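The residues making up each chain are set out below.
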Amino acid sequence: MNIVKSALLALFFMIAAPALAQQEMHFDKEPLVIQTATGKMLNFTVEIATTNEQREYGLMFRKEMPENAGMIFDFGESRRVSMWMENTILPLDMLFIDSGGTIRHIKENATPYSRDIIDSIGEVKYVVELNAGVVKKLGIKVGDKVASPTTTRKK
């Protein structure tokens, strides 16, 4: 009898776990502005990932995202950051930003579902993910400035 219960429980978790993993997590939103070196002001609305759980979940399982939307990951302190695209359906551009709001590194067109490590190259405090192609289309470059309530909050 215990074997049957164990088998049923295992079957439940095999079926339910993927469905539970795909349930959307709640993220607050805020405005974010990127000021390019040419003085252009680019406006976005980003979701905020500040907890370990939120940063781990990120934009996984999303099938679409508005063009002017994205997500900001706040790591709380400056450090070298590594990310990947496992379970992420959308191709993304990633902006690696230091504690002063300056873009230090950009990864364009990160490949969906890839387990390849995407490294910040140096110490950063934030990462902003946008739809792939936005960086090229809008001319966002290393050295541009990023401002949002998250990046300007004193901690």
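Everything below is about the structure shown above.
Please read all numbers here as calculations on a predicted model, not as lab measurements.

Novice: Looking at this structure, how should I read the overall build of the chain?
Specialist: Across its full length, the chain holds four helices and seven strands. Counting helices and strands in the order they occur from the N terminus, the chain gives α-β-β-α-β-β-β-β-α-β-α. Split into buried and exposed, the 155 residues of the chain put 42% on the buried side. Within the chain, residue pairs in contact and separated by at least 24 positions form 72% of the contacts whose partners lie at least 6 positions apart.

Novice: Help me understand the pattern of salt bridges in this model?
Specialist: Two side chains of opposite charge can pair, provided their charged atoms sit close to one another. Taken as a whole, this structure holds five salt bridges when the rule is applied. The partner of Arg115 in a salt bridge is Glu86, and the shortest N-O contact between them spans 2.7 Å. Taken together, the positions of Arg115 in the loop between strand 5 (103-110) and strand 6 (118-131) and Glu86 in the loop between strand 3 (69-83) and strand 4 (92-97) put the pair 29 residues apart, joining distant regions of the chain. Residue Arg115 is classed as exposed on the basis of its relative accessible area, which comes to 56%.

Novice: Looking at this model, I keep getting lost on the environment of Thr102. Mind explaining?
Specialist: Tracing the backbone shows Thr102 in the loop between strand 4 and strand 5. Expressed as a C-alpha distance, the spacing of Thr102 and Tyr126, which sit 24 residues apart in the sequence, is 9.8 Å. Dropping the residues within four chain positions of it, Thr102 is found in contact with Phe96, Ile97, Gly143, Asp144 and Lys145.

Novice: Any chance you could explain the environment of Phe96 here in plain terms?
Specialist: Checked against the element boundaries, Phe96 lands in strand 4. In the structure, Phe96 is positioned 31 residues away from Val127 in sequence and 4.7 Å away in space, judged by C-alpha atoms. If sequence neighbours within four positions are ignored, Phe96 has contacts with Met83, Thr102, Ile103, Arg104, His105, Lys107, Ile118, Asp119, Ser120, Val124, Tyr126 and Val127.

Novice: Could you clarify how one ought to interpret the nonpolar core in this entry?
Specialist: The tendency in soluble globular proteins is for nonpolar side chains to be buried as a group. Phe73, Met83, Met94, Phe96 and Val127 are the most contacted members of the largest nonpolar core, which has 22 residues in total. Looking at this core, the elements that each hand over two or more residues are strand 3, strand 4 and strand 6. Looking at this core, the element that brings in the most residues is strand 3, giving six residues. Other than its neighbours up to four places away in sequence, Val127 contacts Met71, Ile72, Phe73, Phe75, Val81, Met83, Met94, Leu95 and Phe96. Grouped together as the second largest cluster of nonpolar side chains are 18 residues, Leu32, Ile103, Tyr126 and Val135 included.

Novice: Got a minute to help me understand unusual backbone geometry in this structure?
Specialist: With the exception of glycine, most residues fall at negative phi, and the peptide bonds are largely trans. Phi at Asn87 is positive, roughly 65°, even though this residue is not glycine. With respect to the element layout, Asn87 can be found in the loop between strand 3 and strand 4. What makes Asn87 partly exposed here is its relative accessible area of 31%.

About the cut-offs
Residues numbered from 1 in each chain as written. Predicted model: local features only at pLDDT ≥ 70, side-chain atom pairs only at ≥ 80, totals over all residues. Heavy atoms only, no water. Helix = DSSP H or I, 4+ residues; strand = E, 2+ residues; numbered from the N terminus. Buried < 20%, exposed > 50% of the residue type's maximum accessible area, 1.4 Å probe, protein only. Contact = heavy atoms within 4.5 Å. Salt bridge = Lys/Arg side-chain N within 4 Å of Asp/Glu carboxyl O. Core = buried A, V, L, I, M, F, W, Y, C linked by side-chain atoms within 4.5 Å.

Worth remembering: the numbers are spatial, not functional.
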